[in-house]
Amino acid sequence: MTPTTFIDHLPILPLAIPALAAPFALLAMRRRQGLGIAISLVSCLAMLGTALALMARVSDGTILAYELGDWPAPFGIVLVADRLAAMMLVLAATLALIALLHAVLTRADRKGWHFHPLFQFQLMGLNGAFLTGDLFNLFVFFEVLLIASYGLMLHGQGPARLKAGVQYVVINLVGSSVFLIALGLLYALTGTLNMADMGLRVAAIAPEDQGLLRIAALLLVSVFALKAAVAPLHLWLMRTYAVSTPAVAALFAIMTKVGVYSLIRVVPQVFGDGAGAAAWVPAPYLFPAAMVSAAIGFAGVFAARSMAEQAAYAVIGSTGTLLIAVAGWQAESLGAGLYYLMHSTLAAAALFLVADVVARRRGSFGDKAAPGPDFADRSIVGLMFMAAAIAATGLPPLSGFIGKLLILKSLTALPDWGWAWGVILTTTFIGVIGFARVGSAVFWKRTDQADATAPAASRADLAAPIIALALLAALSAGAGWASAYANAAAAQVLDPALSAAAVLREGAQ
Amino acid sequence: MNYEFLMASAIGVLVAGGIYLALRARTFQVVLGLTLLSYAVNLFLFASGRLVLNRPPIWDKAVAEYTDPLPQALVLTAIVITFGMTAFVVILALRSFLETGSDHVDGDTVPCDAQDAIADGDANADRGANQP
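Values in this document were obtained by computation on a predicted structure and should not be read as measured data. (Residues numbered from 1 in each chain as written. Chains lettered and ligands numbered in written order. Predicted model: local features only at pLDDT ≥ 70, side-chain atom pairs only at ≥ 80, totals over all residues.)

Enquirer: Mind showing me how you'd approach the overall build of chain B here?
Expert: The helix and strand inventory of chain B stands at four helices and zero strands. Ordered by position in the sequence, the α and β elements of chain B form the string α-α-α-α. The proportion of buried residues among the 132 residues of chain B is 24%. Residue pairs in contact within chain B that sit at least 24 positions apart in sequence constitute 47% of those at least 6 positions apart. (Helix = DSSP H or I, 4+ residues; strand = E, 2+ residues; numbered from the N terminus. Buried ≥ 20, exposed ≤ 12 C-beta atoms within 10 Å, placed from the backbone. Contact = placed C-beta atoms within 7 Å.)

What follows is the structure, given as structure tokens:
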């Protein structure tokens, strides 16, 4: 079937919009900054609209397979839009709008040359990684989003960013090499790079090649774990996120989720029940690693010296909690995990943005977790921090509580649920103390020191974190619908036959 | 010794050298290590289509057997990406060295306040003095 109407081309739009917006923003920024910003904002809005339209189309369980150049699936490149992909697209576009709004309102985008084009390329990489049905293109889109993220991470310059930037780039280059080795092995074994096709072909691999298959699977999973910052591969994240421009760090909140998404996408599809020696290959390692990540993350929240660092540790902790839910590979816990994924991404972004709001108001004290002189809007910023902390730790009434509750409830089906409960509940408690410590130091205590460098107050920068918090509230209010969608997405992604049928279209149409 | 052995040992030596250099402390060695590693990966990807001698990758009337063209396309993509990345990391390492005064990937902490900055300055000065 040749796509004929505009609506059939919907899956390519999340790639085409930023790919077009980036060069135009680049051209416009040279002369008219306002126009460049407008292009960037309109592009993000269009992406959000497209993502919502895609979500509406796939919410009934359809899986859209878009064949680029109309080449049939195992030979050509496909984009696959299912419930999970649409959910991630909506999340990415929403987060991008919030981060972009904050960057524009705080004029952080004016600190370097190419913020908006890089931002658009970053989104193109993210959207591509969520949509692609081809393992090699997953690598390519990973590279696209990484290259853009290097630029964004270094945006604003300064020695601290450069130092962290070198480490971030080097670790990701090593990750890319390992990704390519895994791809080479998988291609040599199966003769295909299409995920759905590979999922069918791994079953036919000869017994003497099972060891190789297992190595390839573990290498691939390690790369995803590196991107997701799972312990012990999390060490790159803290400094990178803590020194990035806060609006960028807010967008980076979804970068670790790309790693988690890839795990959720690739493991059931390729290394599912039929994969012989590689069946559910990460299962024995992922569960303990996730628990260690949650523990390290929230211990870091407890020990952090600044609010941005605390937010970075909260990202690790929430990824760990999320992967505890994912690691069982059960539909119910995966669904709970996906709901928590939406929540934790927004909560991490809110934390980074609130940290920036505080840093902008405290002059030379920045976002350090130490008492400083009185600053503008202390009470309202304090309330925002409290709301963000409530969200990040998972206390009622915000959606983190519902997410953690769903995860805890679904985990009882697993044999090791006692460990998981212990880790999740303990880390929540440690996180609460950590946030309370920083909150009381920053917002309650004060020194009498006069700080001449405190910038003039403008309340515009409160907008983006408030929107993020409002979305978290909306996610709790709409929890029934959102978790039903997440459960449906989890059930769909755990049934690889569905997407194989949609992508390969054997004999149909 | 056949060419498969040659290929495999070449990849092995490159990976070993690459990993050794990538674990070094200074950015220049790390960049070289990453380059060696990417060469090894490119050769490995090329070999993933099986090693075939003297066969064309594209269709020709006179030829009955082909070599797999897909790994060649993949290698091309990988070369382009790693080339760009290497260029980027070289510039980044240079910038970082010029701005922080240290070419260590991980050695020095970022100065948090004046005290740290002074301590770091001393550490750098000492290290500089020990160099030939």
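Having seen it, we continue.
Enquirer: Just to check I follow, could you spell out the overall build of chain A for this structure?
Expert: Scanning chain A for helices and strands turns up 20 helices and two strands. Against the globule reference of 23 Å for 509 residues, chain A gives a C-alpha radius of gyration of 22 Å, in line with a compact fold. The dimensions of chain A, computed from C-alpha atoms along their principal axes, are 75 × 60 × 40 Å. Long-range contacts, defined as pairs at least 24 residues apart, comprise 80% of the intrachain contacts of chain A with a sequence gap of at least 6. (Rg over C-alpha atoms; globule rule 2.2 N^0.38 Å.)

Enquirer: In this structure, what is going on with the nonpolar core? I would like to understand it.
Expert: Across soluble globular proteins, you tend to see nonpolar side chains buried next to one another. All names here are of chain A. Formed by 230 residues in total, the largest nonpolar core has its most connected members in Ala-349, Ala-350 and Ala-388. Looking at this core, the element that brings in the most residues is helix H14 (residues 331-361), giving 19 residues. Setting aside anything within four residues of it in sequence, one finds Ala-350 in contact with Ala-388, Ala-391, Pro-465, Ala-468, Leu-469 and Leu-472. (Core = buried A, V, L, I, M, F, W, Y, C linked by C-beta atoms within 7 Å.)

Enquirer: Would you explain the interface of chain A and chain B in this entry?
Expert: Interface size is commonly expressed as the accessible surface area that is lost when the partners come together. Each side of the interface is counted separately: chain A has 21 residues, and chain B has 27 residues. Only helix H5 (135-153) and helix H6 (159-190) of chain A provide two or more residues apiece to the side of chain A that touches chain B. Here the side of chain A that touches chain B takes 17 residues from H6(A), the largest share from any one element. Along the lines of polarity and charge, the residues of the side of chain A that touches chain B split into 15 nonpolar, four polar and two charged. (Nonpolar A, V, L, I, M, F, W, Y, C, P; charged D, E, K, R; others polar.)

Enquirer: Sorry if this is basic, but what is going on with unusual backbone geometry here?
Expert: Trans peptide bonds make up the majority, and among non-glycine residues the majority have a negative phi. That bond from Ala231(A) to Pro232(A) is cis: its omega, 5 degrees, falls within 30 degrees of zero. You can see Pro232(A) is positioned in the loop between helix H8 (210-228) and helix H9 (237-243). Backbone torsion omega between Pro396(A) and Pro397(A) reads 10 degrees, so that peptide bond is classified as cis. Inspection of the secondary structure assignment puts Pro397(A) in the loop between helix H15 (378-393) and helix H16 (399-411). Not every positive phi belongs to a glycine, and Asp70(A) is a case in point at roughly 60 degrees. For Asp70(A), the position within the fold is in the loop between strand S1 (64-67) and strand S2 (78-81). For Asp70(A), a count of 10 C-beta atoms within 10 Å gives the class exposed. In the Ramachandran plot, Asn54(B) falls in the positive-phi region, its phi being about 55 degrees despite a non-glycine side chain. Following the sequence through the fold, Asn54(B) ends up in the loop between helix H2 (27-47) and helix H3 (69-100).

Enquirer: Would you mind going over the pairing of S2(A) with me for this structure?
Expert: A regular strand places its side chains so that they alternate between the two faces of the sheet. Residues and elements named next belong to chain A. Burial along S2 is two-sided: Val-78 and Val-80 facing one way and Leu-79 and Ala-81 facing the other are all buried. One ladder, built from four bridges, connects S1 with S2; its direction is antiparallel. What sits directly across from Glu-67, in S2, is Val-78. (Pairing = 2+ DSSP bridges.)

Enquirer: Help me understand the packing of helix H13 (residues 307-326) of chain A against helix H17 (residues 417-444) of chain A, please; the structure alone is not making it clear to me.
Expert: How two helices pack is summed up by the angle between their axes together with the distance between the axes. Residue and element names in this part refer to chain A. Look at H13 against H17: their axes get within 11 Å of each other, and the N-to-C directions meet at 165 degrees. Here H13 lies roughly antiparallel to H17, going by the angle between them. Where H13 crosses over H17, the handedness of that crossing is left-handed. Facing H13, whose interface residues are Met-307, Gln-310, Gly-317, Thr-321 and Ile-324, H17 presents Ala-420, Val-423, Ile-424, Thr-427, Gly-431, Gly-434 and Val-438. Within the contact of H13 with H17, the residues separate by chemical class into six nonpolar, six polar and no charged. (Axes fitted to C-alpha atoms, helices over the stretch in contact; angles between N-to-C directions. Parallel < 35°, antiparallel > 145°, perpendicular 65-115°, else oblique. Left-handed = near helix turned anticlockwise from the far one by under 90°.)

Enquirer: Any chance you could explain the environment of Phe130(A) here in plain terms?
Expert: Residues and elements named next belong to chain A. Within the secondary structure, Phe-130 is located in helix H4 (residues 115-131). The class for Phe-130 is buried, based on 28 C-beta atoms found within 10 Å. Considered as a pair, Phe-130 and Ala-86 are 44 residues apart in the sequence and their alpha carbons are 8.1 Å apart. Apart from residues no more than four positions distant in its own chain, Phe-130 is found in contact with Ala-85, Met-88, Leu-89, Ala-92 and Tyr-261.

Enquirer: Help me understand the packing of helix H1 (residues 3-22) of chain B against H2(B) in this model?
Expert: Residues and elements named next belong to chain B. Two elements in contact, H1 and H2, have axes whose closest approach is 7 Å; the angle formed by their N-to-C orientations is 155 degrees. Considering the angle they form, H1 stands roughly antiparallel to H2. Crossing angle aside, the handedness with which H1 passes H2 is left-handed. Every residue of H2 that contacts H1 at Met-7, Ala-10, Ile-11, Leu-14, Val-15, Gly-17, Gly-18, Ile-19, Tyr-20, Leu-21 and Ala-22 is listed here: Gln-29, Val-30, Leu-32, Gly-33, Leu-34, Leu-36, Leu-37, Tyr-39, Ala-40, Leu-43, Phe-44 and Ala-47. Counted by class, the contact of H1 with H2 contains 19 nonpolar, four polar and no charged residues.

Enquirer: Please explain the confidence of the model for chain B as it appears in this structure.
Expert: Reading fine detail from the predicted coordinates is not recommended where pLDDT is low. Residue and element names in this part refer to chain B. With 80% of its residues at a pLDDT of 70 or more, chain B shows a mean pLDDT of 80. Per-residue pLDDT stays below 50 along residues 109-132; that stretch engages in 12 contacts with residues further than four places along the chain or on separate chains. Scored as a complex, the prediction yields pTM 0.90 and ipTM 0.84. (pLDDT = per-residue confidence, 0-100.)

Enquirer: Before we go on, may I ask you to explain the environment of Met255(A) in this structure?
Expert: Counting through the fold element by element, Met255(A) comes out in helix H11 (residues 255-270). Sequence spacing of Met255(A) and Asp82(A) is 173 residues, and the spatial spacing of their C-alpha atoms is 20 Å.

Enquirer: Looking at this structure, I do not really get H11(A). What am I missing?
Expert: Given 3.6 residues per turn, any residue in an α-helix points the same way as the ones three and four places further on. Taking 1.5 Å of rise per residue, the 16 residues of H11(A) would be expected to cover 22 Å, and the 22 Å separating its terminal C-alpha atoms lies within 8% of that figure. The buried fraction of H11(A) is high, at 16 of 16 residues. (Expected span 1.5 Å × (residues − 1).)

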